[in-house]
Amino acid sequence: MIARRDPEAGQDSPADDCALDLLCDLDESLWIYEDARRADPNAFRNAIRQSDHVNELRRVLYRLHHTLVEWEAETLAT
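Predicted, not measured: the structure shown is a model, and the values here were computed from it.

1. Describing the overall build of the chain
Part 1: For the chain, the count of helices and strands is two helices and zero strands.
Part 2: Counting over 78 residues, the chain shows a buried share of 4%.
Part 3: Working note: accessible area of the chain is about 7000 Å², and carbon and sulfur atoms make up 58% of it.

Quick look at the structure:
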């Protein structure tokens, strides 16, 4: 789970809150998926349109990678 910053350590900005919300939502979504797929009928091997789902996940991962690259660039620029 994504840890929130200790309030005693300093105050987060709205941008920190936004980034944490994104990370928490992504993390929670993955946990929900992991829980759901434990039931055998939900296992990916049972999907009829596997290649469609792989392509869509590739698109989402590309967007996440693009976000990561932007965040890293901004971190290095500061």
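2. Focus on a nonpolar patch on the surface
Part 1: A surface patch of nonpolar side chains, amounting to about 610 Å² of accessible area, comprises Leu-22, Leu-23, Leu-26, Leu-57, Val-60, Leu-61, Leu-64 and Trp-71.
Part 2: If you list the elements that add at least two residues to the nonpolar patch, you get helix 1 (14-37) and helix 2 (50-77).
Part 3: Residue contributions to the nonpolar patch peak at five residues, all from helix 2.
Part 4: Inspection of the secondary structure assignment puts Leu-26 in helix 1.
Part 5: Under the relative-accessibility criterion, Leu-26 is labelled partly exposed at 31%.

3. Some details on the pattern of salt bridges
Part 1: Within the structure shown, the criterion is met by five salt bridges.
Part 2: With a shortest N-O distance of 3.4 Å, Arg-37 and Glu-34 are connected by a salt bridge. Highlighted residues: Arg-37 and Glu-34, both in helix 1, separated by three residues, approximately one helical turn.
Part 3: A salt bridge links Glu-56 to Arg-59; the shortest N-O distance between them is 2.5 Å. Remark: Arg-59 and Glu-56 occur in helix 2; sequence separation between them is three residues, near one turn of the helix.

Conventions and cut-offs
- Residues numbered from 1 in each chain as written.
- Predicted model: local features only at pLDDT ≥ 70, side-chain atom pairs only at ≥ 80, totals over all residues.
- Heavy atoms only, no water.
- Helix = DSSP H or I, 4+ residues; strand = E, 2+ residues; numbered from the N terminus.
- Buried < 20%, exposed > 50% of the residue type's maximum accessible area, 1.4 Å probe, protein only.
- Areas by Shrake-Rupley, 256 points an atom, 1.4 Å probe, with all protein chains shown as cover.
- Patch = residues over 30% accessible without salt bridge, like charges linked within 9 Å, V, L, I, M, F, W, Y side chains within 5 Å.
- Salt bridge = Lys/Arg side-chain N within 4 Å of Asp/Glu carboxyl O.

The values reported here are purely geometric and, on their own, carry no functional implication.
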